[in-house]
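Residues per chain, in single letters:
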Amino acid sequence: RVLHGAEVEILPDGALDYPDEVLATLDLVTVSVHSALRQPREQLTRRIIRAIGNPHVHMLNHPTGRRLDRRPPCDIDLEAIVGTAAERGVALEINGNPERLDLNDLDARRVKEHGGLIATNTDAHSSGALAHLRYAVAMARRGWLEPRNVLNTYTLVQIERWLRQEKRAA
């Protein structure tokens, strides 16, 4: 089964760059911050929390925005974001791209402690980068995650059930 989804940009005010009418047609909606990464801590945190509060959103990608040896993590209240995501049933990504490895092992453990869900991902922009999944899995293992904490270990039926669940109010 192929899911119809999109990675959607979180705009500087926390709105998403696709309208809700489009998001409602997708099986899977993941959101990311790719611009205005140096907003003040409170503003950037509110921006992300607003985005994951959208009832169509299923996952937050590369939550801290770090690029190893290129860009430090964004100044965000990750504890608040992790807590909100766990409350709402929104998964957080461990991005296995060797330039990111975002979330790190300690942050992945924090998601687990909040009762949240992780998705391991490659950030592949070509088929050769699919091998990066091993790095995301290694980061999840370093964070002591168990299969129940990692969306990728779910059966198709479990994933479809998770996708259909109503997001809890923020």
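These figures come from a predicted structure and were not determined experimentally.

Novice: Could you give me a rundown of the sheet that holds strand E2 (residues 28-32), with the residues and numbers involved?
Specialist: A sheet is described by the order of its strands in space; here 5 strands give the open sequence E1-E2-E3-E4-E5, paired in parallel fashion. The open sheet terminates on both sides in strands that have one partner only, identified here as strand E1 (5-9) and strand E5 (118-121). The pairing of E1 with E2 spans 5 bridges and is parallel. Note on E2: the bridge partner recorded for Glu9 is Ser32.

Novice: So, helix H5 (residues 133-142): which residues are in play, and what are the values?
Specialist: Among all positions of H5, only Ala136, Met139 and Ala140 are buried. Taken down its axis, H5 places every buried residue within 100 degrees of arc, on the same side. Within H5, the exposed residues directed more than 90 degrees away from the buried face are Arg134, Arg141 and Arg142. Among the structural elements, strand E4 (91-95), helix H4 (105-113) and E5 are those in contact with the buried residues of H5. With its phi angle positive at about 60 degrees, Trp144 sits one or two positions after the end of H5.

Novice: Describe unusual backbone geometry, listing the residues and the values that go with them.
Specialist: Residue Leu103 follows Asp102 across a cis peptide bond; omega there is 15 degrees. In this structure, Leu103 sits in the loop between E4 and H4. Phi at Trp144 is positive, roughly 60 degrees, even though this residue is not glycine. Tracing the backbone shows Trp144 in the loop between H5 and helix H6 (156-164).

Novice: For the nonpolar core, give the residues involved together with the corresponding values.
Specialist: Within soluble globular proteins, side chains that are nonpolar generally end up buried alongside one another. Ranked by size, the top nonpolar core spans 35 residues in total, and within it Leu16, Val31, Leu60, Leu92 and Ile94 carry the most contacts. Every element with two or more residues in this core is listed here: E1, E2, helix H2 (41-52), helix H3 (78-88), E4, H4 and H5. For Val31, the contacting residues outside a window of four places in its chain are Val8, Ile10, Leu16, Ile52, Val57, Met59, Leu60 and Asn61. Counting 8 residues, the second largest nonpolar core, distinct from the first, contains Met59, Leu117, Leu151 and Leu163.

Novice: Can you break down the packing of H2 against H3 residue by residue, with the values?
Specialist: For the pair H2 and H3, the least separation of the axes is 10 Å and the interaxial angle reads 10 degrees. Relative to H3, the element H2 lies roughly parallel. Residue-level inspection shows Thr45, Ile48, Ile49 and Ile52 of H2 in contact with H3, the latter providing Ala80, Ile81, Thr84, Ala85 and Arg88. Its residues assigned to classes, the contact of H2 with H3 shows 6 nonpolar, 2 polar and 1 charged.

Novice: Break down the pairing of E4 for me, with residues and values.
Specialist: With 5 of 5 residues buried, E4 lies mostly within the body of the structure. Judged by which residues are buried, E4 turns out to be covered on both faces: Ala91, Glu93 and Asn95 on one side and Leu92 and Ile94 on the other are all buried. With H3 bridging strand E3 (residues 59-60) and the parallel E4, this β-α-β connection has right-handed handedness. Once you follow E4 into H4 and on to E5, the crossover reads as right-handed.

About the cut-offs
Residues numbered from 1 in each chain as written. Predicted model: local features only at pLDDT ≥ 70, side-chain atom pairs only at ≥ 80, totals over all residues. Heavy atoms only, no water. Pairing = 2+ DSSP bridges. Helix = DSSP H or I, 4+ residues; strand = E, 2+ residues; numbered from the N terminus. Buried < 20%, exposed > 50% of the residue type's maximum accessible area, 1.4 Å probe, protein only. Arc of directions from axis to C-beta. Contact = heavy atoms within 4.5 Å. Core = buried A, V, L, I, M, F, W, Y, C linked by side-chain atoms within 4.5 Å. Axes fitted to C-alpha atoms, helices over the stretch in contact; angles between N-to-C directions. Parallel < 35°, antiparallel > 145°, perpendicular 65-115°, else oblique. Nonpolar A, V, L, I, M, F, W, Y, C, P; charged D, E, K, R; others polar. Right-handed = clockwise from strand over helix to strand, strands pointing away.

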